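Residues per chain, in single letters:
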Amino acid sequence: MDLAGICGDVYRPHDSNIGEVTMSAGGVGHNIAENLVKLGVPVYLITAYGDDGFGEILAKECGKDGIILDDALCVPGGKSCIYLYMTDDQGEMVAAVNAMELIRRITPEFLAGKMDRINHAALCIFDANIPEESIRYLAQNCRVPLFADPVSAAKVGRIESSLCHIDTLKPNSMEAEILTGIHVENEKTASLAAHALFERGVKNVFISMGADGIFCFREGEECLVPVQKTHIVSVNGAGDTTMAAIAWIRFKYGSEIDLETIGRITQAAACITLESEESVSPYLSEEQILKRMEA
């Protein structure tokens, strides 16, 4: 559950700020799933939630949004995961608290019972909120293209031992640096980091570089796609939209589409989210992405 404090025109640290407070279903995995549904992709979300009030709301919201929870784990007496954050007057996050102990229920033993579902999918996306041992189990047993979102600098280390099994990786500059030891600050260093990840087995690398855009890499092809100009309301969820767009392109077009077009699609999709207070924009659609690209 995302609890968000959206600051108004003025932000003062260490003070009570005028603004709005919102509550919505969230989490990296959920956000990617909801974005994919908006783009016409059928999605099964394998996650854990409690049977508390938040859990009831989360299950209801997923059902309303078309996210299938047939393989999710509802934990009796469990306390659903909560992400509490606040943005400043520029839409940038200034502080956050995550309480996600329940996600540790996604164990290798739990995933073992889900591998038939996973291996009959077109592709599988995981985020690094789940335990490292669960990531290793998934990576070693997944037979479909595996997409990974590192989530944060604090959690990116959980995927390091599984890089050789990952088809597509979407780190930001800091996460790429942690995995490779290369300080990513421009197109040249992003290329070096992407090549280093490729040498470790990752086939496709998309490095989010904030205001500089997204660096896209696959064997024999690479490019830096700049950001589209937009009015930023909140940056929360933009990275999740980027991952969803990358996965949507693979699901719909396979590997035939050129890399620069993939990058342009991700930037158009991210802009739609950046203009929304919600981590998943209600306006995201294939039609809106194509309009942004044409503009």
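Shown above is the structure to which this text applies.
In this text, all values refer to a predicted model and were calculated from it rather than measured experimentally.

(A) Structural context of helix α2 (residues 53–65). Given a rise of 1.5 Å per residue, 13 residues ought to cover 18 Å, and the 18 Å separating the end C-alpha atoms of α2 matches this to within 8%. Where α2 is concerned, the buried positions are Gly55, Leu58 and Cys62. Projected onto a plane normal to the axis of α2, the buried residues spread over an arc of 60° and lie on a single side. The exposed residues of α2 that point more than 90 degrees off its buried face are Glu56, Lys60, Gly63 and Lys64. Residues of α2 that are buried in the fold lie against α1 (28–38) and β3 (48–50). Where α2 ends, the next residue or the one after it, glycine 66, has phi of about 90°, a positive value.

(B) A look at the packing of helix α8 (residues 238–253) against helix α9 (residues 259–274). One way to put it is that α8 packs onto α9 with a least axis distance of 8 Å and a crossing angle of 140°. Viewed along their axes, α8 and α9 adopt a mutual orientation that is oblique. Like other packed secondary-structure pairs, α8 and α9 cross with a definite hand, here right-handed. In this structure, α8 uses Ala238, Thr241, Thr242, Ala245, Ile246, Trp248 and Ile249 to contact α9, whose residues at the interface are Ile262, Ile265, Thr266, Ala269, Ala270, Thr273 and Leu274. Its residues placed into classes, the contact of α8 with α9 shows ten nonpolar, four polar and no charged.

(C) Quick peek at the pattern of salt bridges. Evaluation of the coordinates by the stated rule reveals eleven salt bridges. Between lysine 114 and aspartate 71 there is a salt bridge, with its nearest N and O atoms 3.7 Å apart. Residue lysine 114 is located in the loop between α3 (108–112) and α4 (115–119), and its partner aspartate 71 is located in the loop between α2 and β4 (73–75); the two are separated by 43 residues in the primary sequence. Each of the two residues, lysine 114 as well as aspartate 71, counts as buried.

(D) How the structure looks around the sheet that holds strand β10 (residues 204–208). The six strands are arranged β7-β8-β9-β10-β11-β12 in an open sheet whose pairing can be described as mixed. Each edge of the sheet is formed by a strand with only one pairing partner; in this case those strands are β7 (124–127) and β12 (221–225). Pairing analysis gives five bridges linking β10 to strand β11 (residues 214–218), with the strands arranged antiparallel. Bridging from a neighbouring strand, asparagine 204 pairs with arginine 218 of β11.

(E) Focus on the environment of aspartate 258. Following the sequence through the fold, aspartate 258 ends up in the loop between α8 and α9. In contact with aspartate 258, not counting residues within four places along its chain, are Arg218 and Glu221. Side chain to side chain, aspartate 258 and threonine 261 meet in a polar contact 2.7 Å long.

Calculation notes
Residues numbered from 1 in each chain as written. Predicted model: local features only at pLDDT ≥ 70, side-chain atom pairs only at ≥ 80, totals over all residues. Heavy atoms only, no water. Helix = DSSP H or I, 4+ residues; strand = E, 2+ residues; numbered from the N terminus. Expected span 1.5 Å × (residues − 1). Buried < 20%, exposed > 50% of the residue type's maximum accessible area, 1.4 Å probe, protein only. Arc of directions from axis to C-beta. Contact = heavy atoms within 4.5 Å. Axes fitted to C-alpha atoms, helices over the stretch in contact; angles between N-to-C directions. Parallel < 35°, antiparallel > 145°, perpendicular 65-115°, else oblique. Left-handed = near helix turned anticlockwise from the far one by under 90°. Nonpolar A, V, L, I, M, F, W, Y, C, P; charged D, E, K, R; others polar. Salt bridge = Lys/Arg side-chain N within 4 Å of Asp/Glu carboxyl O. Pairing = 2+ DSSP bridges. Polar contact = N/O pair within 3.5 Å; in protein donor to acceptor, adjacent residues only side chain to side chain.

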